[in-house]
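One letter stands for each residue in the lines below.
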Amino acid sequence: MALSLSARNVVKRYGGVTALSNANLDVNAGEVVALIGANGSGKSTLSKIINGVVVLDGGQLLLDGQFMEFSSPQAAKNLGISTVFQELSLIPQMTVAENIWLAREPLKRGGVIDRKMIREKSDALLNLFAGTYKSSLHPDVTVTSLPPDEKQIVEILKAVSFDPRLLILDEATASLDSRQVERLFELVKRWKQEGKAIVFVSHRMEEIFRIADRYSVLKNGVTVGTGAMKDVNTKDIVSLMVGEESAENAVERKKAVAQNLSGSSVELDVNELRTDFLKGLTFQLHKGELLGIGGLKGQGQRDLLLALFGDLKYTGSINFSGELVHFKNTRQAMNKGVALVPGERAKEGLLFIRSILENLLLPSWGEYGFPTRMRKARESANRIGSTLNLKMAGLDEPVTGLSGGNAQKVVIGKWLLRNPRLLLLDDPTKGVDVGTKAEFYRLLARLCADGLSVLFYSSDDEELLGLCDRVLVMHDGNIRQELFGETLTKSNLVAASLGASRESMQ
Amino acid sequence: MNKHQWQTFTLHNPYLFSLLLLVIITLVNLFVQPDMFHRDTINNNMRVFLPLILLAAGEAVVILGGGIDISVGSIVSIVNVILATQVGLQGNPQKMYLMMGFVLLVGMAAGAINGFFVAYMRLQPIITTYATSFLYAGLALFILPNPGGGIPQSFSSFYRDTTPLGLPLAFFIIALILLAWGFVQQTRYGRYLSAVGGKADAAYETAVPVSAIQFSTYVAAGLMAALSGIAVTMLVSSGNSTTGDQLTLSSITAVVIGGTTLSGGVGGVAGAMIGAVILGLIKNIISFANIDTWWQTFVNAAIIVVALAAPGVINLFRRKR
Amino acid sequence: MKRITISPPVAAVLLAIILFALSGLLPNGFGSNMLVARAQAVNILRLSVFLGVIAAGQTLVIISGSEGIDLSAGAVVTLTAIVTYVLVNGNDGRVLPALFAAILVGAAIGLVNGTGISFLKISPLVMTLGMSGVVTGMILIVQHGNVSGAVSPIMTKVIARPLIFGIPGAIIIWVFFAGLMWLLMERTAFGKNLFAIGTNRVTARLSGVNVTAMVLATYALAGALSGLGGFLAVGNTGVVFINIGNPFLFPSIAAVAVGGTLLSGGKGSYWGTMAGAIVLTLLTSLLTTMQMPDSVRSMVLGATLLILISIYGRQQALRQ
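Residues numbered from 1 in each chain as written. Chains lettered and ligands numbered in written order. Predicted model: local features only at pLDDT ≥ 70, side-chain atom pairs only at ≥ 80, totals over all residues. Heavy atoms only, no water.

Things to note about the sheet that holds strand β18 (residues 453-457) of chain A
Residues and elements named next belong to chain A.
Line of reasoning, step 1. Spatial ordering of the open sheet is given by β16-β17-β18-β13-β19-β20, a layout of six strands whose pairing is mixed. Every other strand in the sheet has two partners, leaving β16 (338-341) and β20 (478-484) as the edge strands with one partner each. Between one strand and the next, the sheet's axes are offset by a mean angle of 20°, whatever the strand orientation. (Pairing = 2+ DSSP bridges. Helix = DSSP H or I, 4+ residues; strand = E, 2+ residues; numbered from the N terminus. Axes fitted to C-alpha atoms, helices over the stretch in contact; angles between N-to-C directions.)

Concerning the interface of chain B and chain C
Line of reasoning, step 1. Each side of the interface is counted separately: chain B has 41 residues, and chain C has 46 residues.
Line of reasoning, step 2. In this assembly, chain B packs against chain C so that about 4,000 Å² is buried in total across both faces, 78% of it on carbon and sulfur atoms.
Line of reasoning, step 3. When the buried surface of chain B facing chain C is broken down by residue, R122(B), Y130(B) and W294(B) rank first, second and third, together holding 18% of it.
Line of reasoning, step 4. For the interface between chain B and chain C, the tally reads zero salt bridges.
Line of reasoning, step 5. Applying the counting criterion to the chain B and chain C interface returns one residue pair in polar contact (both at pLDDT 80 or more).
Line of reasoning, step 6. In terms of residue class, the side of chain B that touches chain C is built from 31 nonpolar, seven polar and three charged. (Contact = heavy atoms within 4.5 Å. Buried area = accessible area lost by both parts, 1.4 Å probe. Salt bridge = Lys/Arg side-chain N within 4 Å of Asp/Glu carboxyl O. Polar contact = N/O pair within 3.5 Å; in protein donor to acceptor, adjacent residues only side chain to side chain. Nonpolar A, V, L, I, M, F, W, Y, C, P; charged D, E, K, R; others polar.)

Some thoughts on helix α14 (residues 374-387) of chain A
Line of reasoning, step 1. For α14(A), built from 14 residues, the straight-helix expectation of 20 Å at 1.5 Å per residue is met to within 8% by its first-to-last C-alpha distance of 20 Å.
Line of reasoning, step 2. Buried within α14(A) we find M374(A), A377(A), S380(A), A381(A), I384(A) and G385(A). End-on view of α14(A): buried residues confined to an arc of 135°, all on one side of the axis. Among the exposed residues of α14(A), those pointing more than 90 degrees away from its buried face are R375(A) and S386(A).
Line of reasoning, step 3. Turning to α14(A), the residues buried within the fold contact α13 (356-361) and α15 (404-416) of chain A together with α7 (169-186) and α8 (189-199) of chain C.
Line of reasoning, step 4. With its phi angle positive at about 55°, N389(A) sits one or two positions after the end of α14(A). (Expected span 1.5 Å × (residues − 1). Buried < 20%, exposed > 50% of the residue type's maximum accessible area, 1.4 Å probe, protein only. Arc of directions from axis to C-beta.)

Some remarks on the nonpolar core
Line of reasoning, step 1. Membership of the largest hydrophobic core comes to 206 residues, with the highest contact counts inside it found for L83(B), W174(C), F177(C) and Y270(C).
Line of reasoning, step 2. Once you skip the residues sitting within four places of it in the chain, W174(C) turns out to touch L45(C), S48(C), V49(C), G52(C), V53(C), Y270(C), M274(C), A277(C) and I278(C).
Line of reasoning, step 3. The next biggest cluster of nonpolar side chains, apart from the first, holds 78 residues, and it includes L290(A), L361(A), W365(A) and L467(A). (Core = buried A, V, L, I, M, F, W, Y, C linked by side-chain atoms within 4.5 Å.)

Re the state of the cysteines
Each disulfide consists of a covalent bond between the sulfur atoms of two cysteine residues.
All names here are of chain A.
Line of reasoning, step 1. In the structure shown here, the tally under the stated rule is zero disulfides over all chains.
Line of reasoning, step 2. Looking at the unpaired C448, the closest cysteine sulfur is the one in C468, lying at 8.8 Å.
Line of reasoning, step 3. The buried category is assigned to C448, whose relative accessible area is 7%. (Disulfide = S-S within 2.5 Å.)

Here we look at empty space enclosed by the protein
Empty pockets left among the atoms are what a rolling probe the size of a water molecule brings to light.
Line of reasoning, step 1. On inspection of all chains with the given rule, the structure shows four cavities of 30 Å³ or more.
Line of reasoning, step 2. In this structure, the largest cavity spans a volume of roughly 100 Å³.
Line of reasoning, step 3. Lining the largest cavity are Q124(B), P125(B), I126(B), I127(B), I62(C), E67(C), G68(C), I69(C) and L263(C).
Line of reasoning, step 4. At three residues, the largest contribution of residues to the lining of the largest cavity is made by helix α6 (residues 125-143) of chain B.
Line of reasoning, step 5. When the residues that make up the lining of the largest cavity are grouped by side-chain class, the tally is six nonpolar, two polar and one charged. (1 Å grid on protein atoms, 1.4 Å probe; cavity = no way out; pocket = protein on both sides within 12 Å on 5 of 7 lines; lining within 4 Å. Points joined across faces, edges and corners; volume = space filled by probe spheres on them.)

A closer look at the packing of aromatic side chains
We describe a pair of aromatic rings using the distance from one ring centre to the other and the angle between the two ring planes.
Line of reasoning, step 1. All chains considered together, the criterion is met by eleven aromatic pairs over all chains.
Line of reasoning, step 2. Between Y130(B) and F134(B) the ring centres are 6.2 Å apart and the planes differ by 65°, which places this aromatic pair in the edge-to-face class. Here the residue Y130(B) and the residue F134(B) both occupy positions in helix α6, the gap between them amounting to four residues, near one helical turn.
Line of reasoning, step 3. For Y130(B), a relative accessible area of 8% puts it in the buried group.
Line of reasoning, step 4. Looking at F134(B), the relative accessible area reads 24%, which means it is partly exposed.
Line of reasoning, step 5. An aromatic cluster is built from Y130(B), F134(B) and F250(C), whose rings are joined through pairwise contacts.
Line of reasoning, step 6. Note that R104(A) overlies the ring of F162(A), its terminal NZ or CZ placed 3.6 Å from the centroid.
Line of reasoning, step 7. Of note, R421(A) hangs over the ring of F320(A), and the distance from its end group to the ring centre comes to 5.4 Å. (Phe/Tyr/Trp six-rings, centres within 6.5 Å; stacked < 30°, edge-to-face > 60°. Lys NZ or Arg CZ within 6 Å of the ring centre and 35° of its normal.)

Some details on the sheet that holds strand β14 (residues 315-320) of chain A
Residue and element names in this part refer to chain A.
Line of reasoning, step 1. With antiparallel pairing, four strands are arranged side by side in an open sheet as β12-β11-β14-β15. Each having just a single partner strand, β12 (279-286) and β15 (323-325) make up the two edges of the open sheet. Put simply, the sheet's adjacent strands are angled 15° from each other on average, direction ignored.
Line of reasoning, step 2. The pairing of strand β11 (residues 266-274) with β12 spans six bridges and is classified as antiparallel. In the sheet register, R274 faces β12, and the bridge partner there is K279.

In structure tokens form, the structure reads like this:
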């Protein structure tokens, strides 16, 4: 049965933060619509509204022209709407088959679950991805023990098992390798022909152009453009995403950084760094250098930064400022002048219900004596606030009220207060607006010029290309390639990121 | 064994540790009580263990579903004082049957109150059931301010001496519960339970009726607490408003020893029942070990803390390697 | 949903005043006799001190988050009361050493709690409930049915009797103590880090806070404060009995909840807890005045806590 769904003027607020202020989306049977937007633009929120997990605060949903109000995910599923979630909806302790058929287990007489049928049906589903995963993935294995890509496959199969009329793929390709992505796209084409409607949420431009028929671009919670893919090119889409500024200006070119490192000393010398995941990393970071780390998500970048910050056990030697160090906890690392801006701002970087002041001074309270000299603490906080151009109603306001960009300034600010010598950044511009990004790039340039060494992981290739003179591309716990000077190009970066398929790219 | 293999292994064998412990404790117990496997001794032991076994089974369901219930002991007390005051030593059997049915309803109602506040009002389980435990304990004390009352002699002796097919009555009750649990695990409800305890928000997104499941676990625990209360009353054949006080911690300990993690999602009823037997045997050993009476409470409590610490200690060593 | 605009500590104070006025209206209440009213108010305040000090430790562990709670507080109070009683033995000169011993014993038990919770990952509820049993066992060993000892005249004088201007020493101690608690929570790195670990332990750790040490210190401190509570409690009663501490346990948690401290951690104040302690002491004395049996008191306390957490303690809804 043909389907059409439209979301009109959707509004959603979380506490004081507006996630969506005017979002629109139309999708019909037999087409793939790409929902595009930068991180934090509201893509995930909109897809959660469509599938009933999140309640909208304003606007309306129309299904086949009828006004709709989903009371629960159950209701949405009954109408044939199914989602592949970015944050997986799998229960870690349960098996693959149990997860796929959760809440829809086929029953035998007496209400007993038909395990045999579940296994058979799961096998049939797994067959869709046959050949792209390891033999360890089978219906009876527990989900916790699977690697991220296979978890993602299970999540996709779970959504498909509903035989939905509308399938939402929310960043479904993020942790898949190229063969798996290839297979998914074949399946999407097949589903499209079968008359399913598909919403493809992504920020990978190349994938969008390969698979989507139409696009809808979100920017800061507002739909800023829709149309057919064939009428636009990458540049058009990007300029819709970033707004007035042209795509080129989104990242200030490396002239801004203008690094001159010949003659500067080695600040960080890492040798054969190993953790459960990292397979022996060796690299050097110079004083005042902005060294980029690239690669697809989840290739060990996070482990590397955490190990350097003393939060993850490792073997191997780390030489920091000419001194052999082995940090056993974050406090030791911090006291030596290392700082980390973690990847998950809300979960790892901020104390949500506490004030801006307390967030800024969290690592530094010990330095304000006893009893804490609050006036001095406030002065420091205000000073760093104005240095970073932090927009806030006051130091005592809860940090919850800040926008993504300003919140990230607080996270960075708490470390700058301590004048670190090594700054570790884990995708710091995620969910940060364009204006703040530009400020942030200028800040980095200034800090490096003052002699701060920065290790900078970004999921945004443009950022790495624009800011860094040297990028280490990680793949599967290794440094796959070091790119610098002439070799630091977009195509090399992408090729190295894909790792295993490097040969095929050349 | 790497981390993932270990995880899969322990997830598939949550009872392994408790079975091992059961064997060791049994051997020690055999040493101090050589006639342990004699039929009368088994019967004696099992009817003393049964109340905790029942209570632990109910607590396991709640913990498996991601909650905790520290009011179960008070529910046992309520049931005990209702039976002791309403039936009485001279009461007739019909009255006893009637009241047994009534206390089962009372247990479920008490569980339903817990479940309502936790699942539908979305309050924290610990603090909620701590509050209701006071409510229920007060009610028990209100019904029976001073220890006393009783149930007809015939029921006590029935509980004490019935050995169908030469096996203690407790065995049949345990078997019945294990069968019921085995069936539940084969149904959607069993899956929902693991899902809700494992990751409630993911379960919600998958259209599992999370609140209803949470609610039902507390009702189940209330029902099991009522059964436990009936067993206790038949065992001691008198009433005391503090009967259940010590049972709450023991039941949680039994669940932990039985391989159910307090964070929910992993484990099961069978392990909790094994855990309850282990605790019973430990008590047995202590009483046989000629420990000075003044020291018994301490030794008992210390063993409970050690038992609670055991999984943590094992993890600590595993992480060191 | 509209947010409650009145802050919980203020609400608690208002509640205390209302309860006090109500207690005056009872048939055997103070009625319109202001002298009696004042005496009664002072007495309520004095009785609140013991609960208030014990609830201070509870406030700290609850603020520290991760389902933090100390169910061993009641047993620790009893044990340290006995320790004080035995050590002092009627001798003024031994009051200070006994005070230190009480605090030390409490801190040691708290440290064991903290060790189990932070290193062995035992849930605070289970760990402290287990330790409560262990401490009760220790009490039986120490006490052996009866203890000989006595409080000293100076303890009675300072704690139980009016000290200056008819104000009992206990109240003066409490005000001083409250100042110290405020300093600890609001003007030390420890206090700031306590709120941090209560809000988000990952963020705290990644900001250089030693979470393990903080948890250990918090539970040890809570134990020490229970020890102080035991010292004060026995100073007030003048005799020691096996059930001296337990009646404080439930009200200590309820007092923290009344005072508006988030039961999930990360937010709260000691002055809220003080107001809470007064409310609960009033409630108890109101029920006593009305000649309600223990059973009714227990039920009323349970229901009060249930109502309170229904107002303050809702968790996030599944559907947002």
